[in-house]
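Listed here are the chains, written in short residue letters.
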Amino acid sequence: MSGATHPAAGPRLYDRTAELAALARLSARTAAGRGGVLFVTGNPGEGRTSLLSRAAYDFPGTAYRVAAPHHRGPWSAARALFATLAPTPAAARRALRLARGEGGLAQAVATLATEAEAVLICVDDLHLWDAHSRAALAAAWQEADGRGPGGPGRVGWLVSAARHHRFPEVPGAETVRLGRLTTAGARALLGDLCPVAALAPPAGERLLDEAAGHPGVLAATVRRLTVAQLAGTLPLPRPAVDDTVLAEVYGGLLERLPAASRRLLATVAVMVLAGRTGADGASAEVYGVRGGRGGGGGRAPVGARGARASAEPLEGLVADGLLRRHRGGAVGFDDPFLGRAALASARTSWRGESRPPGPVAGAAPSADRPSDPPTAGEAALARGQGHRADRLGPSAAVRALSPVARGRAQLVRGLAALAGGPVMDAHEELLQAAELLRGRAPVEASDARFLAMEAAWAGGDVEGCLAALDGGEDVRGTERDFADGLSAALTVRLDDARTALARVVAGDGGADDPRLLLRAGSAALVLGDTATAARVHARALVRARAEHRTALLPRALEQLAYAELRAGRYGRAACAAREGLRTAEATGQHNVAAHQHAVLALVASVEGDGTAVTEHAGRALATAGPHGLVQAATLAEWALARAELGRGLAAQAAARLVPLVRPGPRGGHFALRMLVVPCFVEAAVVAGRDAEAREAAEEYAAWAALGVDGPAQAQLARCRALLGQGEAPAYWFGEAVRRHDSCGNDFERARTLLAYGTWLRRRRRPGDARGPLRDALVTFERAAAGGWAEHARSELRATGGASGGATDPAALRGLTPQQQRIVRLVARGATNQEVADHLSLSPRTVDHHLRGVFARLGIRSRVELPGVVDGWDSDREARASATARPGGR
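Residues numbered from 1 in each chain as written. Predicted model: local features only at pLDDT ≥ 70, side-chain atom pairs only at ≥ 80, totals over all residues. Heavy atoms only, no water.

**So, the overall build of the protein**
Phase 1: Along the backbone of the protein there are 44 helices and eight strands.
Phase 2: Expressed as a percentage of the 889 residues in the protein, the buried residues total 53%.
Phase 3: For the protein, restricting intrachain contacts to residue pairs at least 6 apart in sequence, the fraction spanning at least 24 positions comes to 68%.
Phase 4: Here the protein displays about 38,700 Å² of accessible surface, and carbon together with sulfur accounts for 52% of that area. (Helix = DSSP H or I, 4+ residues; strand = E, 2+ residues; numbered from the N terminus. Buried < 20%, exposed > 50% of the residue type's maximum accessible area, 1.4 Å probe, protein only. Contact = heavy atoms within 4.5 Å. Areas by Shrake-Rupley, 256 points an atom, 1.4 Å probe, with all protein chains shown as cover.)

**A few points about the packing of aromatic side chains**
Phase 1: Inspection of every chain in the model, using the stated rule, returns eleven aromatic pairs.
Phase 2: Each ring, one from Phe450 and one from Phe482, has its centre 5.8 Å from the other, and the planes form 50 degrees; the classification is tilted. Of this pair, Phe450 sits in helix H21 (residues 442-458) while Phe482 is found in helix H23 (residues 477-490), placing the two residues 32 residues apart along the sequence.
Phase 3: Assessed through its relative accessible area of 14%, Phe450 is described here as buried.
Phase 4: Owing to a relative accessible area of 5%, Phe482 belongs among the buried residues under this scheme. (Phe/Tyr/Trp six-rings, centres within 6.5 Å; stacked < 30°, edge-to-face > 60°.)

**Comments concerning empty space enclosed by the protein**
Phase 1: This structure, assessed with the given rule, holds six cavities of 30 Å³ or more.
Phase 2: Its boundaries defined by the atoms lining it, the largest cavity holds a volume of some 290 Å³.
Phase 3: If you trace the largest cavity, you find 20 residues lining it, with Tyr570, Trp638, Leu675, Gln715 and Glu748 closest to the centre.
Phase 4: The set of elements that each furnish at least two residues to the lining of the largest cavity consists of helix H27 (553-566), helix H31 (630-646), helix H33 (673-686), helix H35 (712-723) and helix H37 (746-762).
Phase 5: Considered class by class, the residues forming the lining of the largest cavity number twelve nonpolar, two polar and six charged. (1 Å grid on protein atoms, 1.4 Å probe; cavity = no way out; pocket = protein on both sides within 12 Å on 5 of 7 lines; lining within 4 Å. Points joined across faces, edges and corners; volume = space filled by probe spheres on them. Nonpolar A, V, L, I, M, F, W, Y, C, P; charged D, E, K, R; others polar.)

**Things to note about the pattern of salt bridges**
Phase 1: Going through the model one piece at a time under the given rule, you end up with 45 salt bridges.
Phase 2: When the shortest N-O distance is used, the salt bridge between Glu444 and Arg408 registers 2.8 Å. Here Glu444 is found in helix H21, whereas its partner Arg408 is found in helix H19 (residues 403-420), with 36 residues between them in sequence. Note on accessibility: Glu444 and Arg408 belong to one class, buried.
Phase 3: The salt bridge partner of Arg739 is Glu735, with a shortest N-O separation of 3.2 Å. Here Arg739 and its partner Glu735 are both found in helix H36 (residues 728-743), four residues apart, which amounts to about one turn of the helix.
Phase 4: Because the salt bridges share partners, they merge into one network encompassing Glu46, Arg163, Arg180 and Asp335. (Salt bridge = Lys/Arg side-chain N within 4 Å of Asp/Glu carboxyl O.)

**Some remarks on H21**
Along an α-helix, a turn takes 3.6 residues, which lines up residues three or four apart on a common side.
Phase 1: Taking 1.5 Å of rise per residue, the 17 residues of H21 would be expected to cover 24 Å, and the 25 Å separating its terminal C-alpha atoms lies within 8% of that figure.
Phase 2: The element H21 is largely enclosed, with a buried count of 15 among its 17 residues.
Phase 3: Immediately beyond the C-terminal end of H21, within one or two residues, lies Gly460, with a positive phi of roughly 70 degrees. (Expected span 1.5 Å × (residues − 1).)

**Some details on the pairing of strand S3 (residues 62-66)**
Phase 1: Counting buried positions over the five residues of S3 gives four, a clear majority of the element.
Phase 2: Examined bridge by bridge, S3 and strand S4 (residues 119-123) share five bridges and lie parallel to one another. Considered in S4, the bridge of Tyr64 is made with Ile121. (Pairing = 2+ DSSP bridges.)

**Thoughts on the environment of Arg493**
Phase 1: Mapped onto the elements, Arg493 comes out in the loop between H23 and helix H24 (494-508).
Phase 2: Take Arg493: its relative accessible area is 40%, and that puts it in the partly exposed class.
Phase 3: When sequence neighbours within four positions are dropped, the list of residues in contact with Arg493 reads Ser487 and Ala488.
Phase 4: In terms of polar contacts, Arg493 uses its side chain to reach the side chain of Thr491, at 3.1 Å.
Phase 5: Polar contacts involving the side chain of Arg493 include one to the side chain of Asp496, which spans 3.3 Å. (Polar contact = N/O pair within 3.5 Å; in protein donor to acceptor, adjacent residues only side chain to side chain.)

**Looking at the nonpolar core**
Phase 1: Ranked by internal contacts, the top residues of the largest apolar core, which has 186 residues, are Leu207, Val217, Leu218, Tyr250, Met453, Trp638 and Phe780.
Phase 2: Not counting residues within four places of it along the chain, the set of residues in contact with Val217 comprises Ala211, Val241, Val245, Leu246, Val249, Tyr250 and Phe337.
Phase 3: Ranked by size, the runner-up nonpolar core spans 39 residues in total, among them Leu96, Ala113, Ile121 and Leu126. (Core = buried A, V, L, I, M, F, W, Y, C linked by side-chain atoms within 4.5 Å.)

**Notes on unusual backbone geometry**
Phase 1: The omega torsion of the bond from Arg238 to Pro239 falls at -5 degrees, within 30 degrees of zero and hence cis.
Phase 2: Mapped onto the fold, Pro239 is located in the loop between helix H10 (227-231) and helix H11 (243-256).
Phase 3: One non-glycine residue, Trp75, adopts positive backbone phi at about 65 degrees.
Phase 4: The backbone phi angle of Arg764 is positive, close to 60 degrees, even though this residue is not glycine.
Phase 5: Along the polypeptide, Arg764 turns up in the loop between H37 and helix H38 (766-782).

**Concerning the side chain of Asp130**
Phase 1: Turning to its location among the elements, Asp130 is positioned in the loop between S4 and helix H6 (131-143).
Phase 2: At 3.2 Å, the side chain of Asp130 forms a polar contact with the backbone nitrogen of Ser76.
Phase 3: Not counting residues within four places of it along the chain, the set of residues in contact with Asp130 comprises Arg72, Gly73, Pro74, Trp75, Ser76, Ala77 and Ala78.

**Concerning the confidence of the model for the protein**
Phase 1: In the predicted model, the protein carries a mean pLDDT of 78, and 80% of its residues have values of at least 70.
Phase 2: Residue range residues 1-8 is modelled with pLDDT below 50. Its contacts to residues more than four positions away, or to other chains, number 22 contacts.
Phase 3: Across residues 347-392 the pLDDT falls below 50, and counting only partners more than four positions away or on other chains, this stretch makes 74 contacts in the model. (pLDDT = per-residue confidence, 0-100.)

**Quick word on the side chain of Thr84**
Phase 1: By secondary structure assignment, the location of Thr84 is in helix H3 (residues 76-85).
Phase 2: The exposure class of Thr84 is buried, given its relative accessible area of 13%.
Phase 3: A polar contact is formed between the side chain of Thr84 and the backbone oxygen of Ala80, at a distance of 3.0 Å.

**Considerations on the environment of Ser160**
Phase 1: With respect to the helices and strands, the residue Ser160 is situated in strand S5 (residues 155-162).
Phase 2: With a relative accessible area of 0%, Ser160 lands in the buried category.
Phase 3: Distance in space between the C-alpha atoms of Ser160 and Val40 is 4.5 Å, their sequence separation being 120 residues.
Phase 4: Discounting residues that sit within four places of it in the chain, Ser160 has contacts with Val40, Arg48, Leu52, Val123, Asp124, Asp125, Leu126 and Phe167.
Phase 5: Among the polar contacts made by the side chain of Ser160, one reaches the side chain of Asp124 at a distance of 2.5 Å.

**Quick word on helix H30 (residues 610-627)**
Phase 1: The terminal C-alpha atoms of H30 lie 26 Å apart, and with 18 residues this matches the ideal 26 Å at 1.5 Å per residue to within 8%.
Phase 2: Within H30, the full set of buried residues consists of Ala612, Val613, His616, Ala617, Ala620, Thr623, Ala624 and His627.
Phase 3: Summarising the contacts, the buried residues of H30 are in contact with H19, helix H20 (423-437), helix H29 (590-607) and H31.
Phase 4: Where H30 ends, the next residue or the one after it, Gly628, has phi of about 70 degrees, a positive value.

**Thoughts on the packing of H19 against H21**
Between two packed helices, both the angle of their axes relative to each other and the distance between the axes serve to describe the pair.
Phase 1: Packing of H19 against H21 brings their axes to within 11 Å, and their N-to-C directions diverge by 30 degrees. Comparing their axes, H21 and H19 come out roughly parallel. Crossing handedness for the pair H19 and H21: left-handed. On H21, the residues that touch Arg408, Leu411, Leu415 and Leu418 of H19 are Glu444, Ala448, Leu451, Glu454 and Ala455.
Phase 2: Counted by class, the contact of H19 with H21 contains six nonpolar, no polar and three charged residues. (Axes fitted to C-alpha atoms, helices over the stretch in contact; angles between N-to-C directions. Parallel < 35°, antiparallel > 145°, perpendicular 65-115°, else oblique. Left-handed = near helix turned anticlockwise from the far one by under 90°.)

**Concerning the packing of helix H9 (residues 215-224) against H11**
Phase 1: The N-to-C vectors of H9 and H11 enclose an angle of 130 degrees; their axes lie 9 Å apart at closest approach. Looking at the two axes, H9 sits oblique to H11. Helix-helix and strand crossings are classified by hand; for H9 and H11 the assignment is right-handed. Of the residues in H11, those touching H9 at Gly216, Val217, Ala220, Thr221, Arg223 and Arg224 are Thr244, Val245, Leu246, Glu248, Val249 and Tyr250.
Phase 2: Along the lines of polarity and charge, the residues of the contact of H9 with H11 split into six nonpolar, three polar and three charged.

See below:
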């Protein structure tokens with residue numbers, strides 16, 4: 001930490017023209033009294049600190065540099081900031097108390113920056129600041145509208161952080177991203193770094209090539225070389241950029257990551273190595289993996305049992321920018337040096353053999369150690385027959401890896417495919433990972449099996465689910481109950497399933513770990529308890545947010561949205577799905593995003609928004625098709641069919657639903673097939689496909705008897721009413737409404753009432769039909785189901801009943817006296833000629849007035865006018881009764 005007008009000397013920068021221009025803009029704004037914030041981000045060794053030093057040197061006013069403190073505790077960074085800015089320790093303590101009070105950090109800085117001249121505060125390594133200080137600083141910047149705390153325009157802030165750090169949203173703030181040097185810039189830097197006057201050209205070219213424009217790597221490499229090596233008298237080590245160099249540059253970043261994240265980075269590096277070696281043996285040497293025999297064998301690194309290789313840390317590393325997701329779901333490094341550093345920092349048991357630290361031995365085999373005989377694949381590569389090499393077995397680098405390393409590499413590939421690739425590919429990768437990790441890393445093996453089950457579930461593969469759930473002999477407690485219960489449910493042994501899954505809900509449903517809560521919510525869904533599932537998933541979401549588990553949020557929101565959808569709470573489902581879609585897209589979890597699009601399509605089909613249904617269903621199917629997401633595809637097709645049914649396209653809806661309700665591999669998702677049947681029966685009956693509707697209804701009856709879905713009995717009664725003959729539907733509609741009252745889901749109850757009212761109207765019982773139709777209309781309007789509400793209004797108008805706002809007294813006042821007289825006569829049954837004779841008008845004039853009345857009241861025919869007039873009269877009588885009360889009240 002330092003505060004001075006200028007450092008002793010300004011460092012020379014290379015290839016930083018754009019960055020220096022941004023610094024000049026910040027200095028100019030601050031000098032002019034407008035202040036500002038400039039963020040600088042970059043990988044380790046790319047020159048963040050040098051840029052801050054140069055800014056402090058060039059700034060015309062007072063410049064302060066504040067580094068992250070060595071001790072990281074609450075408010076430790078703010079304490080270091082005020083120690084730099086304050087003239088005395090007492091003033092620094094007063095400023096810290098002020099920053100922690102109501103005034104905040106902005107007021108505390110303002111009390112210290114009292115000079116007339118401008119001030120530049122250079123904050124290095126913001127990602128190492130404690131959370132309290134970062135939050136206070138972000139609030140101060142936002143409060144000052146991007147100009148920085150400390151009074152209007154008198155303070156400029158230059159803030160650096162590692163590339164994976166997410167800067168706060170500050171209005172008007174610029175962000176500069178440092179990158180690699182060009183060849184010319186790297187050559188200029190190398191010339192300044194070399195302690196010898198004449199650098200040997202071959203040595204220089206090799207250093208430039210291996211450093212790949214990374215200034216920190218280049219500087220660290222030069223520092224460890226001798227003058228003789230630089231001058232060409234002695235050869236350079238091979239490789240020149242070895243583990244020691246990368247540990248110096250990237251060690252600080254890796255040490256501050258959680259152990260699970262470090263292991264996962266090393267696993268991804270192993271995966272990249274396995275994909276890139278074989279054709280070039282030197283690449284294996286660069287990564288520190290050689291083709292020798294023996295060594296670590298199958299030992300797992302210490303602490304592996306306590307860490308789970310799950311999707312959450314992987315997606316967290318992607319979200320932080322330390323890893324990048326490629327097309328097809330594969331993950332890799334944007335910065336290859338980071339991958340090499342991560343692998344170098346892993347324990348030697350991750351690799352096939354133990355070796356002392358330091359540079360890897362030379363590229364050529366030692367004279368006193370004979371090299372291993374080449375394998376058939378290596379011989380094929382040596383002959384230039386690379387197209388045959390992979391048929392002759394894995395490369396030496398892959399064979400050298402221990403089973404645990406290979407298992408973790410496959411686990412990473414499976415996680416990547418599960419998030420954004422073909423899910424059945426993910427299923428196979430995860431099953432193989434579980435087999436490699438079994439007995440060596442049992443917790444990770446268990447995770448791999450359950451993730452494989454999730455992949456098979458998304459792909460609609462029952463056998464795949466059972467294969468993933470089988471083989472977990474080492475699993476105990478609620479994990480064992482979940483595996484046994486889900487296996488029993490998939491094989492229709494429901495008594496066994498209920499017992500085991502109920503223990504999961506009771507045991508994990510009260511946990512604090514969001515992953516356990518998600519498992520408990522899934523168990524509740526399988527049991528058909530949608531209310532408990534929604535409550536437990538909501539708790540999982542709260543815990544994930546509280547623990548800042550960003551990568552877990554999409555999955556928690558996916559499960560919550562589906563639970564709310566099953567419970568019939570479509571507004572809540574849409575809210576969760578929209579947030580889940582944003583978080584899934586932000587973290588690259590494209591398969592989760594497809595599922596959220598499908599949920600939003602179903603909600604839009606309820607609301608009657610055909611455009612939204614088409615858009616969301618199309619986007620869901622665009623991902624579901626190539627990735628094999630049978631569950632998301634079934635939901636999307638169901639949404640399209642329900643929207644078509646709402647528009648009166650019953651034949652088209654039935655044709656779309658037929659494949660979804662049929663069993664077998666070409667049918668819909670096994671867990672959704674029966675849920676779709678009531679919608680199919682409704683569409684098939686209207687479309688004249690009675691035989692198919694009856695067959696589906698009979699299968700649905702057997703499933704409803706199992707008791708795994710609360711509304712199933714009510715919807716079964718509706719299906720029987722739609723298929724009934726004579727007066728039998730009246731009984732079944734009444735039974736359906738009664739059962740709906742005891743199981744919730746108001747939307748499905750309203751659909752039953754609509755179907756009942758429509759049946760009564762077609763039986764020429766309009767008076768009896770109005771009650772169910774009015775109840776359906778009110779429920780649809782309350783649920784914001786616009787399309788279904790319009791359908792109910794149309795049916796209600798066809799019975800001669802009022803369908804909405806026409807009965808409002810304000811509508812009566814909007815009519816002329818002549819129109820009101822015509823309305824009342826027509827409501828009593830008079831024809832146009834009779835009205836014309838009574839009012840001394842022509843029939844044509846009466847017809848003209850009636851068309852104006854229909855348009856103003858929003859009705860379609862004269863048969864609706866009796867209900868309109870009844871509504872007006874009832875309102876007038878109610879107001880007259882209220883006026884006649886004692887005291888006029």
